[in-house]
Amino acid sequence: MFAMLMRTLILATLLATNLRAADPAPPAAAPTPTPPPVDARMAKKYLSQLSYAFDPCVFNTKEFPAGAVQPEIAQSALGPIQVATTFYNEKFDEVKEADTPGRYGAVVRLTLGDGTKLNRFVTLYRIPADSATQPVPVGKFKIAIETGTSPEIVQRQQAEIAIAMKSAINGDSSSAGFGLLMALVKAVPGTTPDQLFTTLMTQRSIDDGWWFDLRKKLNLAETFNYFPQLPDGYDADPAKRWPLILSLHGSGDRGTEVTSSVIFHGGPAKVVAAGRKIPAIVISPRTPDEWWSAPALGQLLDELSAKYRVDPDRIIVTGASMGGFGTWELAEKFPDRFAAIAPVCGGGNPSEAAKLTKLPVWTFHGALDTTVPIFLTQNMVNAVKAAGGSPHFTIYPTAKHDAWTQAYATDALYTWMLAQQRGKPEVKTPGVEEPSASAAP
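Residues numbered from 1 in each chain as written. Predicted model: local features only at pLDDT ≥ 70, side-chain atom pairs only at ≥ 80, totals over all residues. Heavy atoms only, no water.

Chemist: Where do I start with helix H9 (residues 294-307) in this structure?
Modeler: Two residues of an α-helix separated by three or four positions point the same way, owing to the 3.6 residues in each turn. Here H9 is 14 residues long and its end C-alpha atoms lie 20 Å apart, about the 20 Å a rise of 1.5 Å per residue gives. All buried positions along H9 are accounted for by Ala294, Pro295, Ala296, Leu297, Gly298, Leu300, Leu301 and Leu304. (Helix = DSSP H or I, 4+ residues; strand = E, 2+ residues; numbered from the N terminus. Expected span 1.5 Å × (residues − 1). Buried < 20%, exposed > 50% of the residue type's maximum accessible area, 1.4 Å probe, protein only.)

Chemist: It is not clear to me how the pattern of salt bridges should be interpreted in this structure. Could you clarify?
Modeler: Once their charged atoms are close, side chains differing in charge can pair, the charge on each being opposite to the other. Taken as a whole and judged by the stated rule, the model has six salt bridges. Of the charged contacts in the structure, one is a salt bridge between Lys277 and Asp232, with a shortest N-O distance of 3.3 Å. On the criterion of sequence distance, the pair formed by Lys277 in the loop between helix H8 (268-273) and strand S12 (281-286) and Asp232 in the loop between strand S10 (225-229) and strand S11 (242-248) is long-range, its members being 45 residues apart. As far as the burial class goes, Lys277 and Asp232 line up, both exposed. Here Lys355 ties to Glu352 by a salt bridge, and the two come within 2.6 Å at their closest N and O atoms. Judged by relative accessible area, which is 43%, Lys355 ranks as partly exposed. (Salt bridge = Lys/Arg side-chain N within 4 Å of Asp/Glu carboxyl O.)

Chemist: What exactly am I supposed to notice about the sheet that holds strand S5 (residues 94-95) here?
Modeler: Working definition: the strands of a sheet are paired by backbone hydrogen bonds and lie parallel or antiparallel to each other. One open sheet holds the five strands; their spatial order is S2-S7-S6-S4-S5, and the pairing between them is mixed. Of all the strands in the sheet, just strand S2 (58-59) and S5 have a single pairing partner and so form its edges. Here strand S4 (residues 81-88) runs beside strand S6 (residues 102-112); their pairing, made up of eight bridges, is antiparallel. When the bridges of S6 are listed, Phe87 appears paired with Ala106. (Pairing = 2+ DSSP bridges.)

Chemist: Where do I start with the packing of H9 against helix H10 (residues 322-333) in this structure?
Modeler: Each pair of packed helices gets described by two things: the angle between the helix axes and the distance between those axes. One can describe the packing of H9 onto H10 by two numbers: an axis separation of 9 Å at closest approach and a directional angle of 75°. Of the possible angle classes, the one that applies to H9 and H10 is roughly perpendicular. Between H9, through Ala294, Pro295, Leu297 and Gly298, and H10, the contact on the second element is made entirely by Glu329, Leu330 and Lys333. Looking at the contact of H9 with H10 residue by residue, the classes come out as four nonpolar, one polar and two charged. (Axes fitted to C-alpha atoms, helices over the stretch in contact; angles between N-to-C directions. Parallel < 35°, antiparallel > 145°, perpendicular 65-115°, else oblique. Contact = heavy atoms within 4.5 Å. Nonpolar A, V, L, I, M, F, W, Y, C, P; charged D, E, K, R; others polar.)

Chemist: I would appreciate a short explanation of the side chain of Arg337 in the present structure.
Modeler: Residue placement: Arg337 occurs in the loop between H10 and strand S14 (340-344). One polar contact links Arg337 to Asp302, side chain to side chain, over a distance of 2.6 Å. Arg337 has contacts with Gly298, Leu301, Asp302, Ser305, Pro312, Ile315 and Arg422, leaving out every residue within four places of it along the chain. (Polar contact = N/O pair within 3.5 Å; in protein donor to acceptor, adjacent residues only side chain to side chain.)

Chemist: I'm lost on the environment of Ser390 in this one. Help?
Modeler: With respect to the helices, strands and loops of the structure, Ser390 is situated in the loop between helix H11 (375-386) and strand S16 (392-396). Residues Ser390 and Thr357, 33 residues apart in the sequence, show an inter-C-alpha distance of 7.0 Å.

Structure representation (C-alpha cells):
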C-alpha cells in the first residue's frame with residue numbers, strides 16, 4: 001500500500017531475497033538433507049507463501065534467467081509442482097528472449113500435484129550487456145551498484161534500502177515483500193540523494209498499472225474476496241444510500257479466506273464485530289499474496305458501488321501497514337473519488353502530495369515503529385502541508401508497529417470519517433488531532 005521502468009541499481013547481493021555478505025565466499029555447502037514430512041497445517045502455510053523467483057531477476061543477456069519455486073521446502077511440503085512460464089515485453093508481446101534492455105514480465109503458472117492451479121507474476125529487468133557493477137558499503141553489507149550511479153545516493157538512502165532488505169530477509173518472498181525490494185532495485189538510477197523513496201513509490205505504482213493492464217489482457221486480472229458488513233437498517237429503506245468504508249489489511253493478513261476469524265485481525269471490521277454501530281457499509285477485502293494494487297482496488301470500488309447502495313460522495317479508505325501504503329497510493333491514484341482517508345503506519349509518494357490538499361486526511365503512526373519507520377508518514381504530512389493541505393497527524397509515543405490498535409479504538413475517528421463529503425471542505429469534529437505547524441522529518 002503500496003508499488004518499475006528505470007535502469008537498474010541493486011544487482012547481486014539483494015536479488016532473489018538472498019543477502020550475501022561482503023566478505024569472502026564461504027566453502028561449498030554440504031548436500032542438503034531431505035527434509036522431514038510436513039503435516040497438513042504446515043503444508044497450508046507453505047501454500048500461502050508459495051512464490052516464484054528468478055536468479056538473478058536483473059540480468060544483462062538475451063537469455064532469461066532460471067527460476068525456481070520459493071520457498072524451496074514447498075516442493076516437499078506440497079508435492080510435485082509443474083511450472084509453465086511465459087515472458088512478455090513492455091508492449092505486452094509474448095517473447096522468447098530479452099531482445100532489448102528494459103523491463104519484462106514473467107507469468108508463471110504453477111500446477112500442484114492435487115490439480116490446484118496458481119499464477120505468479122514476476123517483474124524482470126534486462127540492463128545493457130556492457131553494464132558493470134561496483135560494490136558500495138551499506139552497513140555491514142555491500143550493494144552492487146550499476147556503474148554511473150553515485151555511491152552517495154546509496155549511502156543517503158540507507159533507511160529506505162533497509163525497509164526493502166527487511167522484507168526480503170524476513171522471508172517475505174511473495175510479490176508484496178519481494179516487490180518492494182524489486183521496486184527499490186529499479187528506482188535509484190537518475191535520482192538525487194533525497195529522491196529515492198518518492199521514486200520507489202512511483203515505480204511500484206507504474207509496475208502495478210503495467211501488470212494490471214497485462215493481466216486484464218490475459219483474463220487474469222486481480223480480484224479480491226471481501227468481507228461485507230452492512231449497517232443496521234440497510235434493508236429498511238431501499239432508496240437510501242450509505243457511506244462506504246474500505247478497509248485494507250496489512251501484509252500479515254494476506255490470504256483468500258474472508259471469514260470473520262480471519263478478517264477481524266484488525267481494522268474497522270473488528271470493532272464492528274465487537275459491537276460498535278457504524279452507520280456505513282464496511283468492506284474488508286483480502287489480497288491473496290500481493291501488495292495492494294490501486295488500479296485493482298479502483299475496479300473493486302466500481303463493483304461494490306454497483307452491488308451495494310453506496311453514496312458516491314461518502315467513500316472513505318483506511319488501512320494499516322501495507323494497508324496504510326495502499327490507502328495513500330489509492331488516494332493519490334484517484335484523489336477525486338474519496339470523502340476522506342485514514343492511513344495508519346504507512347507511507348506514500350510525497351511527489352503526488354499536491355493531489356491531496358483538498359482531501360481530509362487523518363493519519364496515525366507509532367513513534368517506536370521499526371517495521372515501517374515513522375518518517376514515512378511524516379514525509380507525507382510535510383509534503384501535503386507544503387502543497388497547501390491541512391492533514392491531521394496523531395503520533396502514539398509508546399506504540400511500535402501496532403498503531404492500529406489505538407487508532408481504530410478512537411471513537412472520534414469514525415465520527416470524523418462519516419462527517420466528510422467528497423469535494424466539500426473538511427467538517428471539523430470533536431477529538432480530531434489538530435494539524436501541527438510541521439512534522440519533524
